[in-house]
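Residues per chain are reported as follows:
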Amino acid sequence: NSGTKGRKALAAVFMMREGLPFLYQGQEIGMVNSRWEDIGEINDINTLDQYRLAKEQGFSEARALQMGEDFSRDNARTPMQWSSRENAGFSKAKPWLKVNPDYRETNVENEERDPDSVLWFYKKLIRIRKDEKYAETLVYAPMEPVYQDRDNVIGFYRRGDATILVLANMQDREVRLASPGRIQEILANTDKELQREGDNIVLHPFQALVAEL
């Protein structure tokens, strides 16, 4: 689905950038922001301050909560979703924050069994980064932007011992891009194949590609 593909596309861009990536609190299974029903569910002091200020400015409780929840740090602090069991398998005791309601679908146990999951895609990207053929390039080579004139397309080269192209179509419609050169090997692809039309390549909605040129 588009949600899973979008999370994989973000993973490709994040993991193929310069430097050393850190995976943080459920990122590797595609955990997303929670939805908060009441300000009492939130612990983040910044969000509580934003809520208080919004109320003082005359906003309703629902609107004040909405204004803070999208950027609340508590979105990245909900319990790790290990399984579909109680409290997402995190603890038998009540956790400090409520578990994201999507834990029955998005959890480590489910994704370990699904080779098409976000978790497996992260494992593939990690293997690429650790491959001796690409490691030096992916850690140290500068990022060279490409296709900057195309809306909602993220593209860049990593040129070092190897030449790596990273592309991500971050929208719900396909795009056609002039071929960047001869693709020697597709290293990672969120779709089963790469569509070509003459001298163009076609990226489907939320498709991401990592290729060696």
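Residues numbered from 1 in each chain as written. Predicted model: local features only at pLDDT ≥ 70, side-chain atom pairs only at ≥ 80, totals over all residues. Heavy atoms only, no water.

Looking at a nonpolar patch on the surface
- A surface patch of nonpolar side chains, about 350 Å² in accessible area, is lined by W82, F90 and W96.
- Along the chain, the position of W96 falls in the loop between α3 (61–69) and α4 (108–112).
- Assessed through its relative accessible area of 48%, W96 is described here as partly exposed. (Patch = residues over 30% accessible without salt bridge, like charges linked within 9 Å, V, L, I, M, F, W, Y side chains within 5 Å. Areas by Shrake-Rupley, 256 points an atom, 1.4 Å probe, with all protein chains shown as cover. Salt bridge = Lys/Arg side-chain N within 4 Å of Asp/Glu carboxyl O. Helix = DSSP H or I, 4+ residues; strand = E, 2+ residues; numbered from the N terminus. Buried < 20%, exposed > 50% of the residue type's maximum accessible area, 1.4 Å probe, protein only.)

Here we look at α3
- Listing the buried residues of α3 in full gives A64, L65, G68 and E69. The buried residues of α3 all sit within an arc of 125 degrees when viewed along its axis, so they share a single face.
- Residues of α3 that are buried make contact with α2 (45–56). (Arc of directions from axis to C-beta. Contact = heavy atoms within 4.5 Å.)

Points about the nonpolar core
- Of all hydrophobic cores here, the largest spans 22 residues; its most connected members are M16, L125, I128, Y134, I164 and V210.
- Contributions of two or more residues to this core are made by α1 (2–15), α5 (118–130), β3 (163–169), β5 (185–189) and β8 (208–212).
- In this structure, L125 is in contact with A11, A12, M15, M16, A188 and V210, ignoring residues within four places of it in sequence.
- Core analysis: the next-biggest nonpolar cluster, separate from the first, contains 14 residues, L165, L194, I201 and A211 among them. (Core = buried A, V, L, I, M, F, W, Y, C linked by side-chain atoms within 4.5 Å.)

Considerations on the sheet that holds strand β6 (residues 195–197)
- Taken in spatial order, the 3 strands of this open sheet run β4-β7-β6, and their pairing is antiparallel. A single partner strand is all that each edge strand has here, and the edge strands are β4 (175–178) and β6. Strand-to-strand twist across the sheet, computed as the mean angle between neighbouring axes with direction ignored, equals 35 degrees.
- With 4 bridges joining them, β4 and strand β7 (residues 200–203) adopt antiparallel strand pairing. Paired with A178 across the strands is N200, a residue of β7. (Pairing = 2+ DSSP bridges. Axes fitted to C-alpha atoms, helices over the stretch in contact; angles between N-to-C directions.)

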